[in-house]
Amino acid sequence: MTGPRFLTLTDVADTLNVSLSQVKALVRSGDLAGVKLGGRGVWRVEASELEAYIQRMYAQTRESLHLGDGP
């Protein structure tokens, strides 16, 4: 699958099916790497960073389930 290298925070929110404010919190905390570009300071997340974040969340979820923290 090919697509844009950089995603808007809205694109990320849509992909993760979460709110824009949740994505902003992830970027602010450093959990999801983002870059601030241009004079107006628009935020973008590289598609590969989003994929890496998703993979980390899968790993954390597997570990959590292994420890008995089920849904």
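Provided above is the structure to which this section pertains.
Note that the coordinates shown come from a computational prediction; the quantities given were computed from them, not determined experimentally. (Residues numbered from 1 in each chain as written. Predicted model: local features only at pLDDT ≥ 70, side-chain atom pairs only at ≥ 80, totals over all residues. Heavy atoms only, no water.)

## With respect to unusual backbone geometry
Okay, so step 1: One non-glycine residue with positive phi stands out, namely N17, at about 55°.
Okay, so step 2: The topology assignment puts N17 in the loop between α1 (9-16) and α2 (20-29).
Okay, so step 3: With relative accessibility at 69%, the residue N17 sits in the exposed group. (Helix = DSSP H or I, 4+ residues; strand = E, 2+ residues; numbered from the N terminus. Buried < 20%, exposed > 50% of the residue type's maximum accessible area, 1.4 Å probe, protein only.)

## Observations concerning the nonpolar core
Okay, so step 1: With 11 residues, the main nonpolar core is built from L7, L9, V12, A13, V23, L26, V27, L32, V45, L50 and Y53.
Okay, so step 2: Where this core is concerned, the elements lending two or more residues are α1, α2 and α3 (47-66).
Okay, so step 3: Aside from chain neighbours lying at most four places away, what touches V12 is L7, V23, L32, V45 and L50. (Core = buried A, V, L, I, M, F, W, Y, C linked by side-chain atoms within 4.5 Å. Contact = heavy atoms within 4.5 Å.)

## Notes on the sheet that holds strand β2 (residues 35-37)
Okay, so step 1: If you walk across this open sheet you meet the 3 strands as β1-β3-β2, and the pairing is antiparallel. Both edges of this open sheet fall to β1 (6-8) and β2, since each of them pairs with a single strand only. Within this sheet the neighbouring strands show an average axis-to-axis angle of 45°, counted without direction.
Okay, so step 2: Each of β1 and β3 (42-46) is contacted by α1, which is oriented at about 85° to β1, the strand it contacts most.
Okay, so step 3: Running over the sheet, α3 touches β1 and β3 and is turned about 65° from β3. (Pairing = 2+ DSSP bridges. Axes fitted to C-alpha atoms, helices over the stretch in contact; angles between N-to-C directions.)

## Re a nonpolar patch on the surface
Okay, so step 1: Taken together, F6, V35, L37 and V42 make up a surface patch of nonpolar side chains, about 270 Å² in accessible area.
Okay, so step 2: Its place among the elements puts F6 in strand β1. (Patch = residues over 30% accessible without salt bridge, like charges linked within 9 Å, V, L, I, M, F, W, Y side chains within 5 Å. Areas by Shrake-Rupley, 256 points an atom, 1.4 Å probe, with all protein chains shown as cover. Salt bridge = Lys/Arg side-chain N within 4 Å of Asp/Glu carboxyl O.)

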